[in-house]
Structure formats: C-alpha cells, structure tokens
Amino acid sequence: MIAVYPGSFDPITLGHLDIIERGCRLFERVIVAVLKNPQKTPLFTVQKRMEQIQACTQHLPNVEIDSFNGLTVHYARIRQAQVLLRGLRVLSDFEHELQMAHTNNSLSTEIETVFLATSNEYSFLSSSLVKEIAKLGGSVNHLVPKSVVLDLD
Ligand code: PNS
C-alpha cells in the first residue's frame, strides 16, 4: 500500500521524521509531499524543504519526496496512493485533522486517512515554534534534523 504524507514541512521537525519512519514500517512506500501553497509565506522554498527532507530520510529506502499543488486527494489519486498519513499530537489537533479527513473522504471515498499518534517526546513540537525559537536565538538542536539546524543558523 502506498501512503502520501502531505504537509507544509516549513521546516521538517523530528516529530515529522518520527511519523515518516513509523509510516515506512507500515506501508510499502511513503511519499512525503510538500504543499506548494501560494497563500502562505514560508521561511524555506519548496525546493529547500524537499532537500531538507531528503537529507534526513537517507536511511529509509521506501521514502520518496515530492511536491504538489491543488487538492491532496487529487495528488494521492495520481500517485495511486490509497492512504493519507497524518500525525496527531495533542487534542487540539484533532478537530482540524478530523475535519480534513472527513472533507477528503467526501471528495474521494477510496482514499483513507490514517493517523499516527506522534511520539510523546514530540507531542509539543511544531514548525512554527521551531521558527520562533530559532528567530529569538534559542537552540533547536533537539527539535529538528541536523540539516535543518544548519539552515536555521
Ligand atoms: O503541515 P500542514 O500545514 O498541517 O498541512 C496541511 C495540508 C497540506 C495537509 C492541508 O492543508 C492540505 O491537504 N492542503 C491541500 C488542499 C486540500 O486538499 N484541501 C482540502 C482538504 S482539507
């Protein structure tokens, strides 16, 4: 079974990487798909984010990095994926994630969303917090992969 793990990944965190690693144990292939979102002003370009993800997933033979625009379910269908993979951190994620899962299901009933509970140690972590800490001069070594630490310096 092929899973698409969609997201902004601006930048990828150790929490995302945890989901990718565990997804790779469950699925034949995991396609990490970076959304090209013209509505957001990202810190890193899509190309840079893809490079960051590539750099920290070298050890995973069944991972593929890609980018997409438009609807996630359309992208998943084109890639012949049956599953959308998402991480759930805390209760506050749940409402939005459930809304997205139902919306995606209404658009494409053959694609299922599978949630993995984010490992406890990363349950507080988000890309926005990482960016804020880095901007204010704090250390993010324990929060993001090494390649991202260098990019945030
Ligand atoms: O990392 P994020 O920002 O939480 O990821 C959100 C993402 C990319 C999964 C979501 O915004 C998305 O799927 N956008 C694509 C547009 C789409 O399919 N919208 C309808 C379903 S919610």
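Residues numbered from 1 in each chain as written. Predicted model: local features only at pLDDT ≥ 70, side-chain atom pairs only at ≥ 80, totals over all residues. Heavy atoms only, no water.

> Just to check I follow, could you spell out the side chain of Asp18 for this structure?
By secondary structure assignment, the location of Asp18 is in helix α1 (residues 14-26). Polar side-chain contacts of Asp18 include one of 2.9 Å to the side chain of Arg22. For Asp18, the side chain forms a polar contact with the side chain of Ser119, separated by 2.8 Å. (Helix = DSSP H or I, 4+ residues; strand = E, 2+ residues; numbered from the N terminus. Polar contact = N/O pair within 3.5 Å; in protein donor to acceptor, adjacent residues only side chain to side chain.)

> Is there a simple way to think about the side chain of Thr57 in this case?
For Thr57, the position within the fold is in the loop between α2 (46-56) and β3 (63-68). Accessibility expressed as a relative area gives 2% for Thr57, which makes it buried. Looking at Thr57, its side chain comes within polar contact range of the main-chain oxygen of Ile53, at 2.8 Å. If we skip the residues at most four places from it in the chain, Thr57 touches Leu17, Ile20, Val63 and Ile65. (Buried < 20%, exposed > 50% of the residue type's maximum accessible area, 1.4 Å probe, protein only. Contact = heavy atoms within 4.5 Å.)

> Got a minute to help me understand α2 in this structure?
One turn of an α-helix holds 3.6 residues; hence residues three or four places apart share an orientation. Listed as buried for α2 are Val46, Arg49, Met50, Gln52, Ile53 and Cys56. What you see down the axis of α2 is that its buried residues fit within an arc of 160 degrees, all on one side. Where the residues of α2 are buried, they touch α1, β2 (29-35), β3 and α6 (146-152). (Arc of directions from axis to C-beta.)

> Whenever I open this one, the pattern of salt bridges confuses me. Can you help?
Proximity of charged atoms lets side chains of opposite charge pair with each other. What the rule picks out here adds up to 11 salt bridges. Arg79 is the salt-bridge partner of Glu64, the closest N and O atoms lying 2.9 Å from each other. In this pair, Glu64 is assigned in strand β3 and Arg79 in the loop between α3 (72-78) and β4 (83-88), connecting sequence segments 15 residues apart. The shortest N-O distance in the salt bridge between Asp93 and Arg89 comes to 2.9 Å. On the basis of relative accessibility, which here comes to 12%, the residue Asp93 falls in the buried class. Through salt bridges with shared partners, a single ionic network connects Arg29, Glu64, Asp66 and Arg79. (Salt bridge = Lys/Arg side-chain N within 4 Å of Asp/Glu carboxyl O.)

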